[in-house]
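Below are the chains, spelled out letter by letter.
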Amino acid sequence: DERGAVVLPQGGRVVARGQTLAQLEANVKKELSRKFRDLSLVLTMKELRTISVVGAGEAYAPGTYQVPAVATLFNMLYACGGPRDTGTLRAIQLRRAGGQTRRFDFYDFLLRGSTKDDVPLQPGDVLYIPQHGPRVAVRGEVFRPAIFELLNTERLHDAIRYAGGAKPTGVAQRVSIESKQPGVSRKMIDA
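Residues numbered from 1 in each chain as written. Predicted model: local features only at pLDDT ≥ 70, side-chain atom pairs only at ≥ 80, totals over all residues. Heavy atoms only, no water.

A closer look at a nonpolar patch on the surface
- Together, Leu 21, Met 45, Leu 48 and Val 70 make up an exposed nonpolar region whose accessible area comes to about 340 Å².
- Along the chain, Leu 48 falls in the loop between helix H1 (21–33) and strand S3 (50–57). (Patch = residues over 30% accessible without salt bridge, like charges linked within 9 Å, V, L, I, M, F, W, Y side chains within 5 Å. Areas by Shrake-Rupley, 256 points an atom, 1.4 Å probe, with all protein chains shown as cover. Salt bridge = Lys/Arg side-chain N within 4 Å of Asp/Glu carboxyl O. Helix = DSSP H or I, 4+ residues; strand = E, 2+ residues; numbered from the N terminus.)

Examining the packing of aromatic side chains
- Taken as a whole and assessed by the stated rule, the structure comprises eight aromatic pairs.
- Consider the rings of Phe 74 and Phe 104, whose centres lie 6.0 Å apart with planes at 40°: the pair is tilted. Of this pair, Phe 74 sits in helix H2 (residues 73–79) while Phe 104 sits in strand S6 (residues 101–104), placing them 30 residues apart in sequence.
- With a centroid separation of 5.0 Å and an interplanar angle of 50°, the aromatic rings of Phe 74 and Phe 109 are classed as tilted. Here the residue Phe 74 occupies a position in helix H2, and Phe 109 occupies one in helix H3 (residues 107–112), the gap between them amounting to 35 residues.
- Owing to a relative accessible area of 32%, Phe 109 belongs among the partly exposed residues under this scheme.
- Ring-pair connections join several aromatic residues into one group, and the members of that group are Phe 74, Phe 104, Phe 106 and Phe 109.
- A cation over an aromatic ring shows up here: Arg 95 above the ring of Tyr 128, its NZ or CZ 4.2 Å from the ring centre. (Phe/Tyr/Trp six-rings, centres within 6.5 Å; stacked < 30°, edge-to-face > 60°. Buried < 20%, exposed > 50% of the residue type's maximum accessible area, 1.4 Å probe, protein only. Lys NZ or Arg CZ within 6 Å of the ring centre and 35° of its normal.)

Encoded structure:
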């Protein structure tokens, strides 16, 4: 039905949204086994419904996308090309038609492999990518030298942790910080 559920004969309802076909088949079989004996069940998908979702803000390719109804937030982030150079990975927003906004930090997935923020999309959702916040380049004797975006609550040790920590060939007790404000000042600090 329109809410992503299957209505079963003899009453009962199984939510299909967000499940693979095999998971749905197992759940329907479990539900029907309560009413029917020696049940053999095979589910097939006739067609996949699409929904309209918008990628906006600092997305690489902003616009309206027709995505499968089983698409998730990460699928939409991939579809719109992710953030441009000016976009954030730390405060991406999923805006729902009802006015709810859910923020997520893509670093949780990139650096820790966590998929807790990957939620199914709904028709009319907007994936909004704001401009990035403060960035820091970590280079030298670290495992993952790169440019990292830091939240206002994060400090030097967080940047080093994102970079994978110091290599055995590095000296963790000596860290040099170069701070630049283009056209204004440049500082070199040993921490």
